[in-house]
Amino acid sequence: MEIAQTDEGSFIIKRVIFNVVNFSKTKSLYRDGMSPVVKSTSRPKWQRLPAKNVYYYRCPDHRRNYVMSFAFCFDREDDVYQFAYCYPYTYSRLQHYLAGLERRNLPYLQREQLGLSVQQRRLDLLTITNTAKHLSPEREKKLVFLTARVHPGESPASFICQGVIDFLVSPHPVAQILRDHVIFKIVPMLNPDGVYLGNYRCSLMGFDLNRHWQDPSPWAHPTLHAVKQLIVQMNQDPRVSLEFYIDVHAHSTMLNGFMYGNVFEDEERVQRQAVFPRLLCQNAPDFSFSNTSFNRDMVKAGTGRRFLGGLLDDTSYCYTLEVSFYSYMAAGSTAPVPYTEETYTKLGRNVARTFLDYYKLNNHIKDDRPINIQSSEVAGDSNRKGNGVASGAGDGEAEKSQDVRP
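Quick caveat: nothing in here was measured; it's all calculated off a predicted structure.

## Focus: the sheet that holds strand S10 (residues 141-148)
Point 1. A sheet is described by the order of its strands in space; here 8 strands give the open sequence S8-S9-S11-S10-S12-S15-S13-S14, paired in mixed fashion. Each having just a single partner strand, strand S8 (109-116) and strand S14 (293-295) make up the two edges of the open sheet. Neighbour to neighbour, the strand axes of the sheet diverge by 25 degrees on average, direction disregarded.
Point 2. In the packing of helix H5 (residues 222-235) onto the sheet, the strands contacted are S8, strand S9 (122-128), S10, strand S11 (182-187) and strand S12 (240-251), and the crossing angle to S10 comes to about 165 degrees.

## So, the layout of surface pockets
Point 1. Approximately 750 Å³ is the volume attributed to the largest pocket.
Point 2. Around the largest pocket, the lining comprises 34 residues; the ones closest to its centre are Lys25, Glu154, Tyr200, Arg201 and Ser252.
Point 3. Across the lining of the largest pocket, the residue classes tally to 15 nonpolar, 11 polar and 8 charged.
Point 4. Its volume calculated, the second largest pocket comes out at about 280 Å³.
Point 5. What lines the second largest pocket is a set of 17 residues, and nearest its centre among them are Pro88, Arg149, Pro152, Gly153 and Gly198.
Point 6. Of the residues contributing to the lining of the second largest pocket, the split by class is 11 nonpolar, 5 polar and 1 charged.

## So, the sheet that holds strand S7 (residues 81-84)
Point 1. Read from one edge to the other, the open sheet built from 3 strands follows the order S4-S3-S7, with strand pairing classed as antiparallel. Each edge of the sheet is formed by a strand with only one pairing partner; in this case those strands are strand S4 (47-48) and S7.
Point 2. Two strands pair when backbone bridges link them, and strand S3 (residues 37-40) and S4 are joined in this way by 2 bridges, in the antiparallel orientation. The residue bridging Val38 from the neighbouring strand is Gln47, located in S4.

## Remarks on the packing of helix H7 (residues 275-283) against helix H9 (residues 341-361)
Point 1. The N-to-C vectors of H7 and H9 enclose an angle of 125 degrees; their axes lie 9 Å apart at closest approach. Taken together, the axes of H7 and H9 are oblique relative to one another. The element H7 and its partner H9 pack so that their crossing is right-handed. Each of Val275, Phe276, Leu279, Leu280 and Asn283 in H7 lies in contact with H9, whose residues at this interface are Asn350, Val351, Arg353, Thr354, Phe355, Asp357, Tyr358 and Leu361.
Point 2. By residue class, the composition of the contact of H7 with H9 is 8 nonpolar, 3 polar and 2 charged.

## Topic: the side chain of Gln273
Point 1. Looking at the secondary structure, you find Gln273 in helix H6 (residues 267-273).
Point 2. Residue Gln273 is classed as buried on the basis of its relative accessible area of 0%.
Point 3. Side-chain polar atoms of Gln273 contact the backbone oxygen of Asn262, separated by 2.7 Å.
Point 4. Those residues in contact with Gln273 that sit more than four places away from it in its chain are Gly261, Asn262, Phe264, Phe294, Tyr317, Cys318 and Tyr319.

## As for the confidence of the model for the protein chain
Point 1. Residue-level pLDDT values for the protein chain average 88, and 85% of them are 70 or greater.
Point 2. Counted against residues more than four places away or in other chains, residues 373-406, with its pLDDT under 50, gives 89 contacts.

## Points about the environment of Trp219
Point 1. Tracing the chain through its elements places Trp219 in the loop between helix H4 (192-197) and H5.
Point 2. In this structure, the C-alpha to C-alpha distance between Trp219 and Ser117, residues 102 residues apart in sequence, is 9.3 Å.
Point 3. With sequence-adjacent residues up to four places away left out, Trp219 is seen in contact with Val118 and Met205.

## Some remarks on helix H8 (residues 304-311)
Point 1. In terms of burial, H8 is largely enclosed, as 6 of its 8 residues are buried.
Point 2. Listing the buried residues of H8 in full gives Gly304, Arg305, Arg306, Phe307, Leu308 and Gly309.
Point 3. The inward-facing, buried residues of H8 abut H5, S12, strand S13 (257-262), H6, S14 and strand S15 (317-324).

## With respect to the pattern of salt bridges
Opposite charge on two side chains allows them to pair when their charged atoms are near.
Point 1. Summed over all chains, the structure comprises 11 salt bridges.
Point 2. Measuring nitrogen to oxygen at the nearest pair gives 2.9 Å for the salt bridge that ties Glu102 to Arg111.
Point 3. A relative accessible area of 16% places Arg111 in the buried class.
Point 4. Residues Lys142 and Glu243 are paired through a salt bridge, measuring 3.0 Å at the closest nitrogen-oxygen approach. With Lys142 in strand S10 and Glu243 in strand S12, the pair connects residues that are 101 residues apart, well separated along the chain. You'll find Lys142 and Glu243 in the same group, each marked buried.
Point 5. One network of salt bridges, in which partners are shared, links Glu102, Arg111, Arg122 and Asp124.

## Overview of unusual backbone geometry
Point 1. Here the phi dihedral of Asn256 falls at roughly 70 degrees; this positive angle occurs in a residue that is not glycine.
Point 2. Position of Asn256 relative to the elements: it lies in the loop between S12 and S13.
Point 3. Of the residues examined, Asn256 reaches a relative accessible area of 2% and is grouped as buried.
Point 4. Residue Asn363 is not a glycine yet carries a positive backbone phi of 60 degrees.

## Some remarks on a negative patch on the surface
Point 1. Together, Asp266, Glu267, Asp313 and Asp314 line one region of the surface with negative charge.
Point 2. With respect to the helices and strands, Asp313 occurs in the loop between H8 and S15.
Point 3. Among the residues examined, Asp313 registers a relative accessible area of 41% and is labelled partly exposed.

## Examining the nonpolar core
Nonpolar side chains in soluble globular proteins tend to be buried together.
Point 1. With 82 residues, the main nonpolar core has Ile165, Leu178, Ile186, Phe244, Ile246, Phe276 and Phe355 as its most contacted residues.
Point 2. Those residues in contact with Ile165 that lie beyond four places of it in its chain are Tyr97, Leu101, Leu126, Ile128 and Ile186.
Point 3. Grouped together as the second largest cluster of nonpolar side chains are 23 residues, Leu209, Trp213, Ala226 and Cys318 included.

Cut-offs used in this document
- Residues numbered from 1 in each chain as written.
- Predicted model: local features only at pLDDT ≥ 70, side-chain atom pairs only at ≥ 80, totals over all residues.
- Heavy atoms only, no water.
- Pairing = 2+ DSSP bridges.
- Helix = DSSP H or I, 4+ residues; strand = E, 2+ residues; numbered from the N terminus.
- Axes fitted to C-alpha atoms, helices over the stretch in contact; angles between N-to-C directions.
- Contact = heavy atoms within 4.5 Å.
- 1 Å grid on protein atoms, 1.4 Å probe; cavity = no way out; pocket = protein on both sides within 12 Å on 5 of 7 lines; lining within 4 Å.
- Points joined across faces, edges and corners; volume = space filled by probe spheres on them.
- Nonpolar A, V, L, I, M, F, W, Y, C, P; charged D, E, K, R; others polar.
- Parallel < 35°, antiparallel > 145°, perpendicular 65-115°, else oblique.
- Left-handed = near helix turned anticlockwise from the far one by under 90°.
- Buried < 20%, exposed > 50% of the residue type's maximum accessible area, 1.4 Å probe, protein only.
- Polar contact = N/O pair within 3.5 Å; in protein donor to acceptor, adjacent residues only side chain to side chain.
- pLDDT = per-residue confidence, 0-100.
- Salt bridge = Lys/Arg side-chain N within 4 Å of Asp/Glu carboxyl O.
- Patch = residues over 30% accessible without salt bridge, like charges linked within 9 Å, V, L, I, M, F, W, Y side chains within 5 Å.
- Areas by Shrake-Rupley, 256 points an atom, 1.4 Å probe, with all protein chains shown as cover.
- Lys, Arg positive; Asp, Glu negative; His and termini not counted.
- Charge placed at Lys NZ, Arg CZ, Asp CG, Glu CD.
- Core = buried A, V, L, I, M, F, W, Y, C linked by side-chain atoms within 4.5 Å.

Printed below as a string of structure tokens:
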């Protein structure tokens, strides 16, 4: 460390090197330029440290596990500094956000407490739909179910989830059409105890909840048990067609957003399952179809994607949506673009609007209202290629632009 003497004669620390030990993975985004984020009392916005100050290396002093070291200068003596792996999204922040939504008294939004965690924290469920359009008992209801933060350290999942919610409750014409035709059920924080306690992957009791979908315990995994019960109940309702289950995560070694899907014997079902990620690739410049994969790895048998893929019928699609903890490669670019809270949220908005493309393609939605979607921010030749990412209509500030999606 470096020490400097002030005019008063006291000493203050100027530069410190932190060593975080016992990383097990050889492949790490720290080797691709990722760095921790920092904020302080006088600079309350989280920002990434310069990548040149971060090192990731194997260390013989720690059983040949890996060490991540970073240097930091404390330049303000009275400031309190905080460091994090990625932009935090806390349980308290979610509760504040959901309370704000409730205060808006939106007729198409319902918030309910689906259950409680082991430490009695809320398991929130949001339902977003135009209820007046779903009153007819003979009309089959299309349903999309989305969950996030089963792994509590994967905070980008919460920004994506908030982006989905923000878009679906907005006055945007695409959101209005989706609310008229589809019911969205969203559990924004599946592991609230783990998030509150600062765990990276497990619950309060040390369980990876995303390996217990087959037989969750109402005592040890109460939040997972409640969500599974609801999904099984809806799946047995003949008036409801549960068409999508998407579980949102963050990835520690890959770039971009991408998806995992399931493998089926029926080739036509395999092809149909690829439609949604292909459409999302056209809407989101940071989503990579080339990174998207379909598997039946036995290690993942207890995950939501794998379990529900076997439970639901062949008209349902179950995905894990992953996003990099660090950055994405846009079409035609040569350098990764670091994610921010805003760009994570933007990916969520693009996920939400992609459902309109999907349902129009499948003739479920035949609404001919003009839809101003094309964004000048990311509009471009949709045939351009770069890392499997097709550039197309994305989500930007220019939502009012003139192009109309057919």
